[in-house]
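Summary of the model geometry
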4 protein chains.
Amino acid sequence: MGDNASITGPTPAMNRPLTARGVRTRTNLVKAARALFERNGFLDTNVGDITARAHVAHGTFYTYFASKEEIFSEVVEMLLADTRRIADEEPPVAQDGWLSERIERANRGYLNAYVANARMMAVLEQVATFNPRLAQVRRMSRQYSVQRSAEAIRRWQGRGLIDLRIDPVYAANSLGSMVDRSAYVWIVLGESYQMDVAVEQLTRLYCNALGVPYHRDDPTCASTAGLRAEVVTT
Amino acid sequence: MGDNASITGPTPAMNRPLTARGVRTRTNLVKAARALFERNGFLDTNVGDITARAHVAHGTFYTYFASKEEIFSEVVEMLLADTRRIADEEPPVAQDGWLSERIERANRGYLNAYVANARMMAVLEQVATFNPRLAQVRRMSRQYSVQRSAEAIRRWQGRGLIDLRIDPVYAANSLGSMVDRSAYVWIVLGESYQMDVAVEQLTRLYCNALGVPYHRDDPTCASTAGLRAEVVTT
Amino acid sequence: MGDNASITGPTPAMNRPLTARGVRTRTNLVKAARALFERNGFLDTNVGDITARAHVAHGTFYTYFASKEEIFSEVVEMLLADTRRIADEEPPVAQDGWLSERIERANRGYLNAYVANARMMAVLEQVATFNPRLAQVRRMSRQYSVQRSAEAIRRWQGRGLIDLRIDPVYAANSLGSMVDRSAYVWIVLGESYQMDVAVEQLTRLYCNALGVPYHRDDPTCASTAGLRAEVVTT
Amino acid sequence: MGDNASITGPTPAMNRPLTARGVRTRTNLVKAARALFERNGFLDTNVGDITARAHVAHGTFYTYFASKEEIFSEVVEMLLADTRRIADEEPPVAQDGWLSERIERANRGYLNAYVANARMMAVLEQVATFNPRLAQVRRMSRQYSVQRSAEAIRRWQGRGLIDLRIDPVYAANSLGSMVDRSAYVWIVLGESYQMDVAVEQLTRLYCNALGVPYHRDDPTCASTAGLRAEVVTT
DNA sequence: TATGAATGAGCTTTCATTCAT
DNA sequence: TATGAATGAAAGCTCATTCAT
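Small disclaimer: the values here were computed from a predicted structure and weren't measured. Within every chain, residues take consecutive numbers counted from 1 along the sequence as written. Chain letters start at A and ligand numbers start at 1, both assigned in the order the entries are written. The model is predicted, so local features are restricted to residues of pLDDT at least 70 and side-chain atom pairs to those at 80 or more, both for listing and for counting; the totals for chains, interfaces and linings are taken over all residues.

**Observations concerning the relation of the copies chain A and chain B**
The test is simple: We place the copies in one frame by least squares, fitting the C-alpha atoms of every residue whose pLDDT is at least 70 in both. Residues are scored as being in contact if the C-beta atoms we place from backbone atoms lie within 7 Å.
When chain A is fitted to chain B, the best match, at an RMSD of 0.2 Å, comes from turning it 179 degrees and sliding it 0.0 Å along the axis. The operation mapping one copy onto its partner corresponds to a two-fold rotation axis. When the interface residues of chain A are mapped onto chain B, 100% of them are again interface residues, pointing to one common binding face.

**Comments concerning the protein's contact with DNA strand F**
To be explicit about the condition: Whether a residue is near a molecule or strand depends on its C-beta atom, generated from backbone atoms, being within 6 Å of that molecule or strand. Helical segments are the DSSP runs of H or I of at least four residues, strand segments are the runs of E of at least two, and each set is numbered from the N terminus. When residue character is reported, Ala, Val, Leu, Ile, Met, Phe, Trp, Tyr, Cys and Pro are called nonpolar, Asp, Glu, Lys and Arg charged, and the others, Gly included, polar.
Not every one of the 44 residues close to DNA strand F is listed here, only the nearest: N46 and G59 of chain A, A57 and G59 of chain B together with G59 of chain C. Taken together, the elements giving at least two residues each to the surface near DNA strand F come down to helix 2 (47-54) of chain A, helix 1 (20-40) of chain B, helix 1 (20-40) of chain C together with helix 2 (47-53) of chain D. Residue composition of the surface near DNA strand F, grouped by class: 13 nonpolar, 27 polar and 4 charged.

**So, the environment of A150 of chain B**
All names here are of chain B. One can find A150 in helix 7 (residues 132-158). Taking C-alpha positions, A150 is 9.9 Å from G176, a pair spaced 26 residues apart along the chain. Leaving out residues up to four positions away in the same chain, A150 has contacts with P168, V169 and A172.

**Some details on the domain arrangement of chain A**
Residues and elements named next belong to chain A. Applied cut-off: Each domain span listed reflects an automatic or database assignment of domains.
The domain boundaries assigned to chain A delineate domain 1 (20-66) and domain 2 (70-217). Placing the centre of domain 1 and that of domain 2 at their C-alpha centroids yields a distance of 31 Å. Contacts between the two partners involve 10 residues from domain 1 and, on the opposite side, 10 residues from domain 2. Here the residues of the side of domain 1 that touches domain 2 sort into 7 nonpolar, 1 polar and 2 charged.

**Concerning the protein's contact with DNA strand E**
Neighbouring residues of DNA strand E: 43 residues in total, closest G59 of chain A, N46 of chain B, N46 and G59 of chain C together with G59 of chain D. Of all the secondary structure elements, the ones that give two or more residues to the surface near DNA strand E are helix 1 (20-40) of chain A, helix 2 (47-54) of chain B, helix 2 (47-53) of chain C together with helix 1 (20-40) of chain D. Of the residues assigned to the surface near DNA strand E, the class counts are 13 nonpolar, 26 polar and 4 charged.

**With respect to helix 2 of chain A**
Residues and elements named next belong to chain A. Counted only if it meets this: Remark: C-beta atoms are placed from the backbone, and a residue is labelled buried if 20 or more other C-beta atoms sit within 10 Å of its own, exposed if 12 or fewer do, or partly exposed between those counts. Regarding the arc, it is the one traced by the directions from the helix axis to the C-beta atoms.
Among all positions of helix 2, only I50, T51 and A54 are buried. An end-on view of helix 2 places all buried positions within 90 degrees of arc, on one side of the element. Elements that come into contact with the buried residues of helix 2 comprise helix 1 and helix 3 (61-64). Phi turns positive, to about 60 degrees, at H55, one or two residues after helix 2.

**Topic: the interface of chain A and chain B**
At the junction of the two partners, chain A supplies 36 residues and chain B supplies 36 residues. With 12 residues, helix 8 (residues 168-188) of chain A is the largest single contributor of residues to the side of chain A that touches chain B. Taken together, the residues of the side of chain A that touches chain B sort by class into 17 nonpolar, 11 polar and 8 charged.

**Considering the packing of helix 8 (residues 168-188) of chain C against helix 9 (residues 195-210) of chain C**
Residues and elements named next belong to chain C. Short version of the rule: Here an axis means a line fitted to C-alpha atoms, over the contact stretch when the element is a helix, while the angle between two N-to-C directions is reported on a 0 to 180 degree scale. Orientation is classified from the angle alone, with under 35 degrees giving roughly parallel, over 145 giving roughly antiparallel, 65 to 115 giving roughly perpendicular, and any other angle giving oblique. In this scheme, a crossing is called left-handed if the near helix is turned counterclockwise away from the far one by less than a right angle; it is called right-handed if the turn is clockwise.
Helix 9 packs onto helix 8 with a crossing angle of 165 degrees between their chain directions and a minimal axis gap of 11 Å. On the basis of the axis angle, helix 8 is roughly antiparallel to helix 9. The way helix 8 lies across helix 9 gives a crossing that is right-handed. Across from A171, L175, V179, S182 and W186 in helix 8, the residues of helix 9 making contact are A198, L202, Y206, A209 and L210. Class assignment for the residues of the contact of helix 8 with helix 9 results in 9 nonpolar, 1 polar and no charged.

**Things to note about the confidence of the model for chain A**
All names here are of chain A. What counts is decided by this rule: Confidence of the predictor at the level of single residues is given by pLDDT, which spans 0 to 100.
This prediction gives chain A a mean pLDDT of 87; 88% of its residues lie at or above 70. Model confidence for chain A, summarised as mean pLDDT per element, is weakest for helix 4 (residues 68-89) at 91 and strongest for helix 9 (residues 195-210) at 98. Within the model, pLDDT remains below 50 along residues 1-11, and this stretch shows 21 contacts once partners closer than five positions in the same chain are excluded. This stretch, residues 223-234, has a pLDDT under 50; its non-local contacts, to residues over four places away or in other chains, come to 19 contacts.

**Focus: helix 8 (residues 168-188) of chain B**
Residue and element names in this part refer to chain B. Rules: Here a helix's expected span is defined as the number of its residues, less one, multiplied by 1.5 Å.
Its 21 residues give helix 8 an end-to-end C-alpha distance of 29 Å, which sits within 8% of 30 Å, the value for a rise of 1.5 Å per residue. Judged by how many residues are buried, helix 8 sits mostly within the fold: 19 of 21 residues are covered. With its phi angle positive at about 85 degrees, G190 sits one or two positions after the end of helix 8.

This is how it looks when you write it as structure tokens:
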């Protein structure tokens with residue numbers, strides 16, 4: 001009715017402290033939402049579905065979230081945090097070792113994280129195509145990793161390890177796109193692949209592109225037997 | 001309504017011959033649809049918008065198309081055809097010249113085609129996230145070019161031009177992803193880039209990855225002055 | 001979803017020409033709306049009620065009106081036009097006759113119009129308390145008649161018929177309020193009254209207030225027998 | 001829910017004695033409610049807004065009031081009491097003085113009370129349009145003052161001060177409506193006015209209507225310089 | 001008394017699609 | 001072919017009120 005109404009009212013999703021019961025309910029909603037987003041995508045999931053799955057009344061949803069978008073954002077936050085966590089779980093490599101070992105570790109971490117969260121990654125991709133706010137979230141996340149890569153490339157160029165004709169930003173962008181999109185194609189679109197081969201091939205291309213020697217090609221290096229396995233393309 | 005829809009009734013969009021007037025109306029609808037899809041995306045374009053822009057009655061739409069999806073498919077067909085056409089417009093390079101010239105030509109063609117159809121490419125990306133049929137269309141289109149690339153790589157391996165440790169299918173997939181996704185990031189997401197630099201850098205990375213020498217790095221080759229221009233990243 | 005959607009779409013309630021059927025449906029909706037607004041007020045009438053009473057589907061409402069407010073505005077337009085028409089139906093009085101005859105005619109016309117549209121007047125009063133647009137409509141309507149009265153008073157002052165210590169605008173406001181609110185109290189709130197007495201008393205007070213002689217008090221004037229009838233107050 | 005609500009359970013708002021703390025909470029709620037009703041009207045004030053402003057939990061509201069309507073009623077009680085109090089604050093006039101002095105005092109008192117409570121008066125007007133109980137409250141309040149006026153008129157008629165052709169009840173109703181509605185128009189609707197002029201003009205019209213001489217027009221009476229000041233009409 | 005989570009009926013609005021003309 | 005009115009299933013969101021603690 002009026003426009004100037006309810007400025008003071010109980011804004012949902014504000015960071016007020018919740019009781020134990022509140023925390024439980026809220027968590028149930030988020031879990032239910034994630035499961036449904038993964039199964040049906042954002043568009044085909046409605047608030048009614050979420051509350052039904054969480055066994056609460058429809059209105060309860062709005063005690064905790066102002067909109068479907070808001071709960072989705074929350075799920076995405078979790079997703080990105082989880083992705084970073086998984087990527088970091090890869091056993092670290094010696095700082096003074098092969099560059100390619102570092103690159104391979106990053107690639108393997110990325111693919112593993114993608115596998116663990118493939119459905120949600122796909123849904124985020126979906127939502128980013130029509131929701132500016134989430135497009136922005138995804139973009140920031142992308143830019144952050146591109147920047148880190150670009151800096152690494154610049155550093156390596158400073159140490160004479162990489163050809164100066166390579167532009168760090170373009171290269172970071174493109175090689176990042178390669179890894180990211182390959183993951184999408186394999187894992188989300190379902191092109192057949194084998195994890196080990198995928199990591200090896202991606203890393204080989206990545207290293208070659210930058211002119212960095214690949215440790216697996218060095219005969220003295222601990223090896224990579226059995227990687228060239230059969231690959232069926234759908 | 002809906003369920004017992006006539007199976008034998010006048011199926012719209014059947015390939016029966018159209019009168020001159022029919023052809024005109026249909027064309028107007030497709031043009032209007034494309035313009036609106038580009039401007040507003042698939043979800044935010046209604047059938048009512050399309051018919052209004054085409055200056056026909058709402059119901060007329062269903063004389064020619066069975067659904068919003070169907071007209072979208074038609075626009076996409078046009079899009080893909082146009083994309084291929086533009087990509088092929090690149091002046092051909094000598095069959096016996098540098099491999100990298102062929103690669104560069106393909107990359108330039110792809111980026112140019114992307115620029116010409118960026119909006120629709122983005123919308124196709126959108127629709128593919130929730131419409132299986134269009135996901136399939138896009139997938140087939142991707143697989144087709146991946147296959148061509150894979151064959152080329154295999155051929156070049158046969159001629160000893162490319163390292164045998166590179167798997168043709170994985171490489172075609174990943175390098176294709178690199179080009180495709182870079183185009184998306186630059187052109188659709190709006191990351192700042194310069195076309196010439198983008199083509200050069202993409203091609204350099206592509207060639208390096210495959211171990212193919214880049215013709216622009218050869219001092220005897222007709223050169224590429226001024227490419228390393230200033231690049232601002234957003 | 002997007003914000004920039006559907007600028008070209010079929011805006012409802014636009015003044016496009018309607019087919020006969022369209023006119024019929026639209027009229028039915030307005031009639032149903034008016035009946036329900038009168039019976040239940042604005043707040044307790046919902047779009048579903050209106051369409052049910054008009055025997056059309058819920059969605060059909062939005063083919064013709066953008067909102068409940070819009071159809072209400074239309075009903076109010078009709079109401080005000082009708083009110084003016086009824087008020088003007090009073091047989092005119094001689095321009096050179098008693099001033100009080102003119103005043104009485106206006107009062108009788110106003111009360112008659114109020115009786116014919118009492119319920120809607122009450123509802124308009126209701127809506128005006130929370131809807132700025134309709135508050136404005138009602139205000140304009142009030143100011144218009146106040147201005148006309150004020151000018152008449154000023155004119156009569158110029159002809160020496162009315163005390164100059166009376167401020168035309170204040171007087172027009174207050175005497176207008178008297179007639180208007182008395183009508184509301186009698187007709188809407190249901191205080192018991194008799195039309196003839198009400199007109200006579202209102203006019204007498206009005207004339208006295210302005211110092212204008214009342215024609216009914218003149219023994220030579222065609223008279224008003226039986227007006228002082230019994231009056232029961234609730 | 002709703003239907004089988006306990007009849008025997010702890011009825012809220014019952015007149016049981018409150019602890020000091022209870023009194024405090026209750027008072028806070030009423031204060032908060034009044035402030036919000038005045039600012040946003042009845043419809044745009046939620047129970048949640050009220051409790052938030054009173055710094056108590058949502059549920060606490062129902063410890064003291066059975067419904068939103070009930071707290072509104074309470075605020076209205078306060079309002080009416082306050083209105084009467086302010087109206088009575090006008091310095092009394094001599095019982096044997098001019099009748100018009102008594103009338104002017106009453107009018108001034110009414111307008112002053114209206115000014116002090118304009119917002120709530122407007123909201124009461126709003127609620128009375130859809131809530132029978134509050135319509136009744138307002139009606140009783142109106143009838144009470146109409147009756148007092150009617151009796152006064154009747155008394156004055158008995159003393160030969162007022163024309164017998166004036167019906168006391170109709171006149172009390174109409175002149176009361178005049179004062180009441182003029183106040184609404186000036187103070188709530190915001191038509192421009194000056195308090196002194198408004199009181200003088202209202203009283204003049206009132207007295208004229210009843211045929212009572214206005215003391216300010218008597219040259220021997222203590223006068224009212226500067227009342228006909230500039231008046232801007234919106 | 002106080003809390004705040006939970007309830008769920010109820011509302012407006014959208015829009016792809018159908019159908020009588 | 002063309003028309004445009006009619007359809008009706010959804011969907012998101014609000015909020016007065018209840019209730020377990």
